[in-house]
Amino acid sequence: MIPITVVEFGEDTERLVLEVLRSGNIAQGRLVKQFEDRFASMLGVKHAIAVNNGTTSLVAALQVLDLQPGDEVVTSPFTFVATLNAILEAGATARFADISDDDFNLSAETLASSITDRTRVLMPVHLYGQIADMDSISALAADRGLAIVEDSAQSHGSTLNGRHAGSYGLGSFSFYATKNITTGEGGMITTDDDVLADRLRILRNQGMRARYQYEVAGHNWRLTDLQAAVGLPQLDAYDDVVATRQRNAEYLRAGLADVPGIVSPRQSPGRRHVWHQFTIRVTPDAGISRDEFVAKLGEQGIGAGIYYPKLVFDYPTYRGRDDVIVGDFPVAERVVQEVVSLPVHTHLTRDELDRIVAGVSSIVHSA
C-alpha cells in the first residue's frame, strides 16, 4: 500500500529529544522559546506563541479579541471541524461563505455578501497548503473594520506575493502528527500585535505573567520542550520538504492532465503552495462516483483520503443551533462530493508516483 502520509524522524530529532529527557526540564522552556522565535522568523512576523494544539490556537486567537455572545465569525463551510468548534468554544456565532473551486478557499466575493452588522471576525481557511486570496480579504476586513484570524493549520510556509499565511492578522497553525511540520500535537499563534501577543502568553499560562501573579482567568495551553525538540529540526529542512512536495505535485499534475473527469489542483498565480494535500476532484465526466473511485484505489494499493466528506455544519450536532447559521453554498456543496486527496509526501518514489498516475487513469478509463 502506498500510504496517504508518512511520519518519520531523523537522528537529529532523536538526539534533541534525548537531550531534553536527560536534562530533566521537559515542560515549556528554552526549546519552546527557540521554536517560537524560529517560526516567527520563518513567517516574517514579530510574535509566535506556542500552545498545546491547533484547535487551542484558534480558540486563543478568538478569545483575545473579546468576542461577545451574538458576535459573528465568518468562515468556510469546507474545513475540518476544529474551525467551527473553536468559534463555538469562544462563545461566538458561526456564519459561512462559499468557496472557489480553483483553490478550495473562501471566495472574497461571497465573503463580502456574508458579512452582517454582527460580524466581528473573518476567518479564512488556507486549505490543503495554499493561502487564500488574502489581498482581497484583507482589503475587505480593513474596509469593514473587522479582525482577521487565519486558520493556517495546513499551510505552514505558504505565501501570496512573498507574504506568509499567518501574517495578515492573528495566524493559527497546527503541528498535528500528519502536518508538514509536526510535534505530534501542538499549535502556534502568530501576530505583529504586541498587546495581543502579551495577552496570549498570559492566557496560555493559567493567566500568570509571573509565578502566582494572576492577571486573568487563564488556561494550561502550554507546549512542552519535548514537543519543541521534535519540531525544531524540521524547520532546518522545511524548504527541502516543500520543494519535494512541489516536485511530486507537478509530476502528478502532468500525469493526470489528460484523464477525463479528473480535475487536478493547481498553484494560483503569485502563491507558494506547500502541498499539504494533493486534492483532485472526481467530476461526473469521470463516469464513476467519488466513493467508488476511492474504493478502487484501495484495491490497487493506493492510499487516499477524503478531506472532507461533508460540509462542516452538515452533522446533526450542529443543526438547529442558533449559533451555527447554515445557508446554501453551491460550490462547496458540489466540491465536497468530488474531492479525493492522493499521496504527495516526501517519501514517494518515482515508481510509486507512476503507480498513482496509472491507477487513477485505469480506474477512469475502465469506468
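Here the structure is a predicted model, which means the values were calculated and not measured. Note that residues are indexed from 1 along each chain, following the sequence as it is written. Thresholds applied to this predicted model are a pLDDT of at least 70 for local features of residues and 80 or more for the giving and counting of side-chain atom pairs; totals over whole chains, interfaces and linings are not thresholded and use all residues. Side-chain numbers come from the whole structure's heavy atoms, not from hydrogens or water.

*Asks:* Describe in detail the overall build of the chain, supporting the description with residues and values.
*Replies:* Numbering of helices and strands runs from the N terminus; a helix is a DSSP stretch of H or I covering at least four residues, while a strand is a stretch of E covering at least two. If you tally the helices and strands in the chain, you get 11 helices and 15 strands. Computation of the radius of gyration draws on C-alpha atoms alone. For the globule rule, the value is 2.2 Å times the number of residues to the power 0.38. Scaling as 2.2 N^0.38, a compact globule of 367 residues should have a C-alpha radius of gyration of about 21 Å, and the chain matches this with 21 Å. Over its C-alpha atoms, taken along the principal directions, the chain stretches across nearly 70 × 55 × 40 Å. Throughout, exposure labels follow a simple rule: accessible area from a 1.4 Å probe, protein chains only, divided by the maximum for the residue type, with under 20% read as buried, over 50% as exposed, and the rest as partly exposed. Sorting the 367 residues of the chain into buried and exposed places 53% on the buried side. Working rule for contacts: check all heavy atoms of both residues, and any pair within 4.5 Å makes them a contact. Within the chain, residue pairs in contact and separated by at least 24 positions form 71% of the contacts whose partners lie at least 6 positions apart.

*Asks:* Summarise the sheet that holds strand β6 (residues 159-160); cite the residues concerned and give the values.
*Replies:* Two strands form a pair only when DSSP identifies at least two bridges running between them. Taken in spatial order, the three strands line up as β7-β6-β13 in an open sheet, and their pairing is antiparallel. Either end of the sheet is taken by a strand with one partner, and the two such strands are β7 (163-164) and β13 (271-272).

*Asks:* Run through helix α3 (residues 54-63), naming residues and quoting values.
*Replies:* Judged by how many residues are buried, α3 sits mostly within the fold: eight of 10 residues are covered. Within the span of α3, buried status applies to Gly-54, Thr-56, Ser-57, Leu-58, Val-59, Ala-60, Ala-61 and Leu-62. Structurally, the start of α3 carries an N-cap: the backbone nitrogen of Thr-55 is 3.1 Å from a side-chain oxygen of Asn-53. Contacts described as polar in this section are N or O atom pairs within 3.5 Å, which, within protein, must combine one atom able to donate a hydrogen with one able to accept it, while residues neighboring in sequence count only if both atoms come from side chains.

*Asks:* How would you explain the pairing of strand β4 (residues 119-123) if you had to name every residue and give the values?
*Replies:* Judged by how many residues are buried, β4 sits mostly within the fold: four of five residues are covered. As judged from the four bridges shared by strand β2 (residues 72-75) and β4, these two strands associate in the parallel manner. Within β4, the position partnered with Thr-75 by the bridge is Met-123. By definition, the crossover connecting two strands over a helix is right-handed if that path, from the first strand to the second, turns clockwise as seen with the strands pointing away from the viewer. On the question of chirality, the crossover connecting β4 to the parallel strand β5 (residues 147-151) by way of helix α6 (residues 134-144) is right-handed.

*Asks:* So what's going on with the packing of helix α2 (residues 30-43) against helix α8 (residues 225-256)? Which residues, and what values?
*Replies:* At a closest axis distance of 8 Å, the pairing of α2 and α8 adopts a crossing angle of 30°. When the axes of α2 and α8 are compared, the pair comes out roughly parallel. Of the two possible hands of crossing, α2 and α8 adopt the one that is left-handed. Here α2 contributes Arg-30, Leu-31, Val-32, Gln-34, Phe-35, Arg-38, Phe-39 and Met-42 to the contact with α8, which in turn contributes Asp-225, Ala-228, Ala-229, Gly-231, Leu-232, Leu-235, Asp-236 and Tyr-238. In the scheme used here, Gly and all other residues not listed as nonpolar or charged are polar, with Ala, Val, Leu, Ile, Met, Phe, Trp, Tyr, Cys and Pro taken as nonpolar and Asp, Glu, Lys and Arg as charged. A per-class count over the contact of α2 with α8 returns 10 nonpolar, two polar and four charged. Lines fitted to the C-alpha atoms define the axes, with helices restricted to the stretch that makes contact. Angles between their N-to-C directions range from 0 to 180 degrees. Oblique is the label for any angle not under 35 degrees, not over 145, and not in the 65 to 115 range, which are roughly parallel, roughly antiparallel and roughly perpendicular in turn. In this scheme the handedness of a crossing depends on how the near helix is turned from the far one: anticlockwise by less than a right angle means left-handed, clockwise means right-handed.

*Asks:* Can you explain the environment of Tyr-238? Please cite residues and give values.
*Replies:* Of note, Tyr-238 is situated in helix α8. Each C-alpha atom of the pair Tyr-238 and Glu-109 lies 33 Å from the other, and the pair is 129 residues apart in sequence. Not counting residues up to four positions away in its chain, the partners in contact with Tyr-238 are Met-42, His-156, Gly-157, Asn-180, Ile-181 and Val-274. In this structure the side chain of Tyr-238 is engaged in a polar contact, spanning 3.4 Å, whose partner is the side chain of Asn-180.

*Asks:* Could you give me a rundown of the sheet that holds strand β14 (residues 278-282), with the residues and numbers involved?
*Replies:* Adjacent strands of a sheet pair through backbone hydrogen bonds, lying either parallel or antiparallel. The antiparallel open sheet is built from three strands, whose spatial order is β12-β14-β15. The sheet is open, and its two edges are formed by β12 (262-263) and β15 (339-342), each paired on a single side. Pairing geometry for β14 and β15, over four bridges, is antiparallel. Bridge pairing in β15 places Thr-279 opposite Ser-341. Packed on one face of the sheet, α8 meets β14 and β15 and runs near 20° to β14. Against the sheet, helix α9 (residues 290-299) engages β12, β14 and β15, with an angle of about 20° to β15.

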